Amino acid sequence: MIDRIAAALHRPPCDVAEFIAAYLRTTYKIVGRRIILADMYSEAALNSAIEVYIAERVACPKCGSCDTRLHDDVVICPCGRKWRSSTGTSVTRRHVCDEMIGDDQSIPMTT
Ligand SMILES: [Zn+2]
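Per chain, residues are indexed from 1 in the order of the written sequence. Local features in a predicted model are, by the rule used here, given only for residues with pLDDT of at least 70; side-chain atom pairs are given and counted only at 80 or more, and totals for whole chains, interfaces and linings are based on all residues.

Colleague: Mind showing me how you'd approach the sheet that holds strand E4 (residues 74-76) here?
Modeller: Sheet strands associate in pairs through backbone hydrogen bonding, adopting either a parallel or an antiparallel arrangement. A pair of strands is considered paired only if DSSP assigns at least 2 bridges between the two. Strands are runs of DSSP state E lasting at least two residues, helices are runs of H or I lasting at least four, and both sets are numbered from the N terminus onward. Here three strands make up an open sheet; going across it, the order is E3-E4-E5 and the pairing antiparallel. The open sheet has two free edges, formed respectively by strand E3 (69-71) and strand E5 (82-84), since each of these has just one partner strand. Neighbouring strand axes in the sheet, compared pairwise and without regard to direction, differ in orientation by 30° on average. Across three bridges, E3 lies against E4 in antiparallel orientation. In the sheet register, His71 faces E4, and the bridge partner there is Val74. To obtain an axis, a line is fitted to C-alpha atoms, over the contacting stretch when the element is a helix, and the angle between two such axes runs from 0 to 180 degrees between their N-to-C directions.

Colleague: I'm lost on the pairing of strand E2 (residues 34-37) in this one. Help?
Modeller: The side chains of a regular strand alternate, residue by residue, between the two faces of the sheet. Bridging between strand E1 (residues 28-31) and E2 involves four bridges; their strand directions are antiparallel. Bridging from a neighbouring strand, Ile30 pairs with Ile35 of E2. Counting the residues in the hairpin turn of E1 and E2 gives two residues, including Gly32, whose phi is positive at 60°.

Colleague: When you look at helix H2 (residues 13-23) in this model, what are you seeing that I'm missing?
Modeller: Residue pairs spaced three or four apart in an α-helix point in one direction, given the helix's 3.6 residues per turn. The buried fraction of H2 amounts to eight of the 11 residues, a majority that puts the element mostly inside the structure. For H2, the set of buried residues is Val16, Ala17, Glu18, Phe19, Ile20, Ala21, Ala22 and Tyr23. Downstream of H2 by a residue or two, Arg25 has a phi angle that is positive, lying close to 55°. Any residue whose C-beta has 12 or fewer other C-beta atoms within 10 Å is treated as exposed, any with 20 or more as buried, and any in between as partly exposed, C-beta atoms being built from the backbone.

Colleague: Whenever I open this one, the packing of helix H1 (residues 2-9) against H2 confuses me. Can you help?
Modeller: Think of two packed helices as two axes; the pair is described by the angle between the axes and how far apart they sit. Direction vectors running N to C along H1 and H2 enclose 115°, while the axes themselves pass 8 Å from each other. In this structure, H1 meets H2 at a crossing whose hand is right-handed. Contacts between H1 and H2 pair Ile2, Asp3, Ile5 and Ala6 from the former with Pro13, Val16, Ala17 and Ile20 from the latter. Any residue that is not Ala, Val, Leu, Ile, Met, Phe, Trp, Tyr, Cys, Pro, Asp, Glu, Lys or Arg is counted as polar, Gly included; the first ten are nonpolar and the last four charged. Grouping the amino acids of the contact of H1 with H2 by side-chain chemistry returns seven nonpolar, no polar and one charged. Crossing handedness follows the turn of the near helix against the far one: under a right angle anticlockwise gives a left-handed crossing, and clockwise gives a right-handed one. In this description, a residue-residue contact is defined by the distance between C-beta atoms placed from the backbone, which must lie within 7 Å.

Here it is in structure tokens:
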């Protein structure tokens, strides 16, 4: 399901999965070519997650087009508008979490 949405939106499946998993406060795994959320969600919950994804990372704020492309972390619209798509809950935030956990473990409990 996520794979098809990603293809329709011209986004890498992992980008869509990261966002939706973060939005639904869950995790996901990639099994073969399919992306599976760790928990089951209703279609309504998934749809609202996808709507937020589109609003934040796909739809152009200037012309409203969804025919945009993601290059690194910048979304580019055919109308010429470009914007950073880092407003969401996506990849960067998870990396920050991982780093914080790593830091906690590596800090010696001395002094
Ligand atoms: Zn546009």
